[in-house]
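One letter stands for each residue in the lines below.
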Amino acid sequence: MTLFDIAAILITLSAVFSYLNHRYIRLPTAIGIMAIALAMSLVLLALGWLGLGLEAQADNLLRSIDFNETLLGGMLSFLLFAGALHVNLGDLVAQKGPIAFLATFGVILSTLLVALGVWWTLGFFGLELPFIYCLLFGALISPTDPIAVLSILKTSGAPKSLETKISGESLFNDGVGVVVFLVLLEVAKGTAEPEVVHVLHLLLQETGGGVLLGLATGYVCYRMLRSVDNYQVEILLTLALVAGGYALAGILHISGPIAVVVAGLLIGNHGRLLAMSNRTRRHLDTFWELVDEILNAVLFVLIGLEVLLIPREPAYLVAGALAIPIVLVARYTSVAGTVGVLRLKRDFSPNAVAILTWGGLRGGISVALALSLPAGPHRPVLLAAAYAVVVFSILVQGLTIGPLVRRSL
């Protein structure tokens, strides 16, 4: 199957599922599309058990798609830029303390708590894992997913300060989570020692380098945007900023997601205000909103279909069910600890801990990292657990965060 055939199938499924959701189900777009894709996957599984063979064809299609490379190496940069483009920099700066703490201390604490919870709980039920693999699971599941978060927050009705905290944290914490995951993966493979200095060096290189690259490429693009008044050229410049900046970050071994987010914030605030005409702003906003919607639809279709590749042994399903409360408790504890420290100097909205906990959605990034784990006896249980948490997060937390916010106000 060619790349065009795969793209054609995914785009067609995304369009049909989007239509069905809008016409009949009327869930938030991302949730509705994923729910339909998940339902279709379960139907294919049932038909496969009946001997019709459709599951095998869908399985072959999905195995021809490198989900990790498709998301982390391609779609993520455009989705992050589209999200950052409409985040108010002033609001983000006003909440810089909580965002910085949640994106760093919160992720690391959650990683440790999830690892301890998974190691003890699964061991108690006879699913023993080496502690380093429990840490790997904690690292891949602790960062909140910016794509899922930004998609759901559009309809949640959260107070502006809380919405900024949740979206700001999600935009930056995946960079920290990915670095921690990569370091732990080196340790699990036996290619590195778990030295604190090594971890701190990687964190500084990835995050600091990403910020600097985002500022540099964003500023160059900003100066070019100021020198022209042609929306076709200016949209092409933003596309080059995203694709070129993300690729350059990979070559320099620094955080591409953070670089793209910083560049998006710069262009979305100073660029839109000082370097574009009203006509260009309208076209730019429309273009990136369409990119965001189309890629989100394709991504959530993929997440729903990936259930066909998830190990379905009873023991793995048990691991997935146990992982959900473990991750939620770890998220609550890390958020409560962070907010408790920060409350000494600033006020928080009522029920901020509950909303930040329940609004910390997991999504495609966690699935992509789980799929990147090396083959071995521990991979299936971690993959099943990660997928269970992601599906629960999007379907249950995503559908109920709005009512929770409204009851908390």
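Residues numbered from 1 in each chain as written. Predicted model: local features only at pLDDT ≥ 70, side-chain atom pairs only at ≥ 80, totals over all residues. Heavy atoms only, no water.

You can see Asn-21 is positioned in helix 1 (residues 3-25). When sequence neighbours within four positions are dropped, the list of residues in contact with Asn-21 reads Arg-26, Leu-27, Pro-28, Thr-29, Gly-32 and Ile-36. (Helix = DSSP H or I, 4+ residues; strand = E, 2+ residues; numbered from the N terminus. Contact = heavy atoms within 4.5 Å.)

Turning to the packing of aromatic side chains, a few remarks are in order. With the rule as written, the count across this model stands at eight aromatic pairs. Taken together, a centroid distance of 5.6 Å and an interplanar angle of 15° make the contact between Trp-120 and Phe-124 stacked. Of this pair, Trp-120 and Phe-124 both sit in helix 6 (residues 96-124), four residues apart, which is roughly one turn of the helix. Under the relative-accessibility criterion, Phe-124 is labelled exposed at 61%. Both rings, one in Phe-287 and one in Trp-288, keep their centres 5.4 Å apart while their planes meet at 85°; by these two values the pair is edge-to-face. Overall, the relative accessible area of 1% leaves Trp-288 in the buried class. Within the aromatic cluster, the residues linked to one another by ring pairs are Phe-78, Phe-81, Phe-287 and Trp-288. (Phe/Tyr/Trp six-rings, centres within 6.5 Å; stacked < 30°, edge-to-face > 60°. Buried < 20%, exposed > 50% of the residue type's maximum accessible area, 1.4 Å probe, protein only.)

One recurring pattern in soluble globular proteins is that nonpolar side chains are buried together. Counting 137 residues, the largest nonpolar core has Phe-67, Leu-71, Phe-137, Leu-140, Ile-267 and Phe-300 as the members making the most contacts within it. With 15 residues, the single largest contributor to this core is helix 17 (residues 379-408). Excluding anything up to four places from it in sequence, Phe-300 contacts Ala-30, Ile-33, Met-34, Ala-37, Ile-147, Ala-148 and Ile-394. (Core = buried A, V, L, I, M, F, W, Y, C linked by side-chain atoms within 4.5 Å.)

On to the pattern of salt bridges, then. Tallied over the full model, the rule gives two salt bridges. Between Glu-169 and Arg-331 there is a salt bridge, and its shortest N-O distance comes to 2.7 Å. Of the two residues, Glu-169 sits in helix 9 (residues 160-189) while Arg-331 sits in helix 14 (residues 314-342), which places them 162 residues apart along the sequence. Here Glu-169 matches Arg-331 in class, with each residue buried. Of the charged contacts, one joins Asp-285 and Arg-272 as a salt bridge, the two residues approaching to 2.6 Å between their closest N and O atoms. Residue Asp-285 is found in helix 13 (residues 278-305), and its partner Arg-272 is found in helix 12 (residues 256-274); the two are separated by 13 residues along the sequence. Using a relative accessible area of 15% as the deciding quantity, one classes Asp-285 as buried. Residue classification places Arg-272 among the buried residues on the basis of a relative accessible area of 19%. (Salt bridge = Lys/Arg side-chain N within 4 Å of Asp/Glu carboxyl O.)

Here the structure, examined in full by the defined rule, presents five cavities of 30 Å³ or more. By volume, the largest cavity is sized at about 60 Å³. Around the largest cavity, the lining residues are Leu-79, Leu-80, Gly-83, Pro-146, Ile-147, Leu-150, Ser-151, Asp-292 and Asn-296. Taken together, the elements giving at least two residues each to the lining of the largest cavity come down to helix 4 (67-84), helix 8 (146-153) and helix 13. (1 Å grid on protein atoms, 1.4 Å probe; cavity = no way out; pocket = protein on both sides within 12 Å on 5 of 7 lines; lining within 4 Å. Points joined across faces, edges and corners; volume = space filled by probe spheres on them.)

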